[in-house]
Amino acid sequence: MNLHDIVEALSVASNKEYQQVPAYKNYEIYVSKKPYGTTGKYIAYSQIGRDEVKGIGGSREEAVQAIHDKVDFVLNAQK
């Protein structure tokens, strides 16, 4: 993750290009309203501890599912 990604992730809650979706296991999730750039991919952001995580998918649902998978991975690794 580069500096641009971190700045973008930190300001995603106030960015009108992103929409908050239902929280997953108490983690807030924001997903882009439109595909990102020329890639046609949607991006979802969340914060796990001090780390910002990003999920990418061909649809908003896939991007959100990618965040769910990362949250599950982190929580399972902590056990």
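One can find the structure itself at the top, above this paragraph.
Residues numbered from 1 in each chain as written. Predicted model: local features only at pLDDT ≥ 70, side-chain atom pairs only at ≥ 80, totals over all residues. Heavy atoms only, no water.

Novice: I'd like a description of unusual backbone geometry, backed by residues and values.
Specialist: Located in the positive-phi region is Lys25, a residue other than glycine, with phi close to 50°. If you check the backbone angles, Asn26 has positive phi at about 70° while not being a glycine. Here Asn26 is to be found in the loop between strand 1 (18–24) and strand 2 (27–32). (Helix = DSSP H or I, 4+ residues; strand = E, 2+ residues; numbered from the N terminus.)

Novice: Requested: an account of the pairing of strand 4 (residues 51–57), with residues and values cited.
Specialist: Inspection of the sheet shows strand 3 (residues 42–48) paired to strand 4 by seven bridges, in the antiparallel sense. Directly across from Ser46, in strand 4, lies its bridge partner Val53. (Pairing = 2+ DSSP bridges.)

Novice: Explain the nonpolar core residue by residue, including any values.
Specialist: Among the nonpolar cores identified, the biggest contains 13 residues, and Ile29, Val31, Ala44, Ile67 and Val71 are the most heavily contacted of them. Contributions of two or more residues to this core are made by strand 1, strand 2, strand 3 and helix 2 (60–78). With four residues, helix 2 is the largest single contributor of residues to this core. One finds Val12, Tyr30, Ile43 and Tyr45 within the second-largest nonpolar core, a separate group that totals five residues. (Core = buried A, V, L, I, M, F, W, Y, C linked by side-chain atoms within 4.5 Å. Buried < 20%, exposed > 50% of the residue type's maximum accessible area, 1.4 Å probe, protein only.)

Novice: So what's going on with the environment of Glu28? Which residues, and what values?
Specialist: With respect to the secondary-structure elements, Glu28 resides in strand 2. Relative accessible area serves as the criterion here: at 45%, Glu28 is assigned to the partly exposed category. Glu28 sits 18 residues away from Ser46 along the chain, and the two C-alpha atoms are 5.9 Å apart. Here Tyr30 takes part through its side chain, which lies 3.1 Å from a polar atom of the side chain of Glu28. (Polar contact = N/O pair within 3.5 Å; in protein donor to acceptor, adjacent residues only side chain to side chain.)

Purely spatial values, then, with no claim about function.
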